[in-house]
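Observations on the model geometry
Single-letter residue listing:
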Amino acid sequence: MDSQSVFVLTDDERAQLSEVADELAAAQPAEIDHPEWMGRGRDLSAAIPVRLAARLRQFRHDAGPDGSILIRNLPVREAELPDTPQVLGSVERTPAHSSSVIALTTLQLGEIIAYRNEKSGALVQNVVPVPGQEAEQNNAGSQRLGMHAENTFHDNRPDYVALFCMRADHDRVAELQVTCVRQAVALLTDADRAILTQPRYVTPPPSSFPTQTASEPHALLIGADDDPNVRVDFISTEALDAEAGRAKDALEDAFDKVVQGIKLEPGDLAIVNNHLVLHGRSHFTPRYDGKDRWLHRTFVQLDHRRSRAVRQSNGNVLD
Ligand SMILES: O=C(O)CCC(=O)C(=O)O
Ligand SMILES: [Fe+2]
């Protein structure tokens, strides 16, 4: 990654953030999804180390050449962690130190959101391997997970996806893979770029969203010619005609050429701009012994008004 995409907390900053996380973890009512707990989190997000807040502020303005940031040396109390969960749809409901760290940091970036149909609408979610799900193209699997923008089908896709590592995989081979459209588009022909900016693609919802319908036809490259956004999920986005399909294949090749692997370690938080970056994961081998790879995940939205019509009572969960 570009050096500006990696931000390492000093040990003093880590201790400061750890203290703020303890305060949030103790806030009442002890329910992450309660509006009052989240409200306390917004307040306390102003007390994170100022250098980290400033870096997040710059990242919000411009996500840089990688479109993502890797924050290292965040506090994780490894000795106090419970076993890695092993169930489908695993989420955090009761505040703990680690869930408070990701909540504080990502509330400084924007509003944390979730989807009612996914992970039961919980605002802090777990990414863990689940027995029997190994081959599934979702975050409970452990075979290679294809490159995707998060919730590509949805009109209110998250602006950022944040992944906070508490445990690495046993063999230390699992890589979060990220690939940025800012590097990929330079590898495309003008003819392919022109096709990719036309609404010649649809993306169906994943099985976890049973009540949702497929997207309207959409382009894969959107906005500024010299710095477009990307909207594609190579697991599920379908071309509507053969020529559009060939351009999608060329786009996938371009993204594959500039992909970067990040072996997340405990205390690492990767935040990707979901308009510029596709993410996926390499293969790894879970043991289901309570010590498997374990990430917390949050989604962040910048303009909360944009989704108000699908959020009841001005809450943080989208229908
Ligand atoms: O396991 C990972 O590193 C990423 C999984 C993923 O795509 C997600 O949780 O959104
Ligand atoms: Fe994902």
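Our structure's up above, just so we're on the same page.
Basis of the calculations
- Residues numbered from 1 in each chain as written.
- Chains lettered and ligands numbered in written order.
- Predicted model: local features only at pLDDT ≥ 70, side-chain atom pairs only at ≥ 80, totals over all residues.
- Heavy atoms only, no water.
- Phe/Tyr/Trp six-rings, centres within 6.5 Å; stacked < 30°, edge-to-face > 60°.
- Helix = DSSP H or I, 4+ residues; strand = E, 2+ residues; numbered from the N terminus.
- Buried < 20%, exposed > 50% of the residue type's maximum accessible area, 1.4 Å probe, protein only.
- Pairing = 2+ DSSP bridges.
- Near = heavy atom within 4 Å.
- Polar contact = N/O pair within 3.5 Å; in protein donor to acceptor, adjacent residues only side chain to side chain.
- Areas by Shrake-Rupley, 256 points an atom, 1.4 Å probe, with all protein chains shown as cover.
- Nonpolar A, V, L, I, M, F, W, Y, C, P; charged D, E, K, R; others polar.
- Axes fitted to C-alpha atoms, helices over the stretch in contact; angles between N-to-C directions.
- Core = buried A, V, L, I, M, F, W, Y, C linked by side-chain atoms within 4.5 Å.
- Contact = heavy atoms within 4.5 Å.

Inspection of every chain in the model, using the stated rule, returns 5 aromatic pairs. Geometrically, the ring pair formed by Tyr115 and Phe209 is edge-to-face, given 5.9 Å between the ring centres and 70° between the ring planes. Remark: Phe209 occurs in the loop between β9 (201-202) and β10 (221-222) and Tyr115 occurs in strand β4 (residues 111-115); sequence separation between them is 94 residues. Its relative accessible area of 0% is what places Tyr115 among the buried residues. Aromatic pair Tyr115 and Phe299: ring centres 5.9 Å apart, planes at 65°, arrangement edge-to-face.

Neither face of strand β5 (residues 124-127) is open: one carries Val124 and Asn126, the other Gln125 and Val127, and all of them are buried. Bridge count for strand β3 (residues 91-92) against β5 is 2 bridges, and the pairing is antiparallel. When the sheet's bridge partners are listed, Val91 is paired in β5 with Gln125. One ladder, built from 3 bridges, connects β5 with strand β16 (residues 294-301); its direction is antiparallel.

The immediate surroundings of ligand 1 are formed by Val127, Asn139, Leu145, His148, Glu150, Leu163, Leu176, His279, Arg281, Arg293, Leu295 and Arg297. His279 has a polar side-chain atom sitting 3.1 Å from an oxygen atom of ligand 1. Notes on ligand 1: free accessible area 290 Å², of which the protein chains cover 99%. Mapped onto the shell around ligand 1, the elements with two or more residues apiece are β6 (145-148), β15 (277-281) and β16. Taken together, the residues of the shell around ligand 1 break down into 5 nonpolar, 3 polar and 4 charged.

It is worth spelling out the sheet that holds strand β13 (residues 260-262) at this point. Pairing is antiparallel in the open sheet, where 4 strands are placed in the order β6-β15-β8-β13. Pairing within the sheet leaves two strands with one partner each, and these edge strands are β6 and β13. Sheet twist, expressed as the average angle between the axes of neighbouring strands with direction ignored, equals 20°. Direction of pairing for strand β8 (residues 176-180) relative to β13: antiparallel, over a ladder of 3 bridges. Note on β13: the bridge partner recorded for Leu176 is Ile262.

Once that is clear, we can look at the nonpolar core. In this structure, Ile71, Leu251 and Ile271 are the most contacted members of the largest nonpolar core, which totals 85 residues. No other element matches the 7 residues that strand β7 (residues 160-167) contributes to this core. Setting aside its immediate chain neighbours within four residues, Ile271 contacts Leu56, Phe59, Gly67, Ser68, Ile69, Ile71, Leu109, Tyr160, Val161 and Ala162.

To continue, consider unusual backbone geometry. Residue Pro29 is reached from Gln28 by a cis peptide bond, and omega for that bond is -10°. As for its position among the elements, Pro29 is in the loop between α1 (11-25) and α2 (35-44). Even without glycine at this site, Asn73 takes up a positive phi of about 70°. Assignment of secondary structure puts Asn73 in the loop between β2 (68-72) and β3.

Fair warning: the whole summary comes from geometry, so function is off the table for now.
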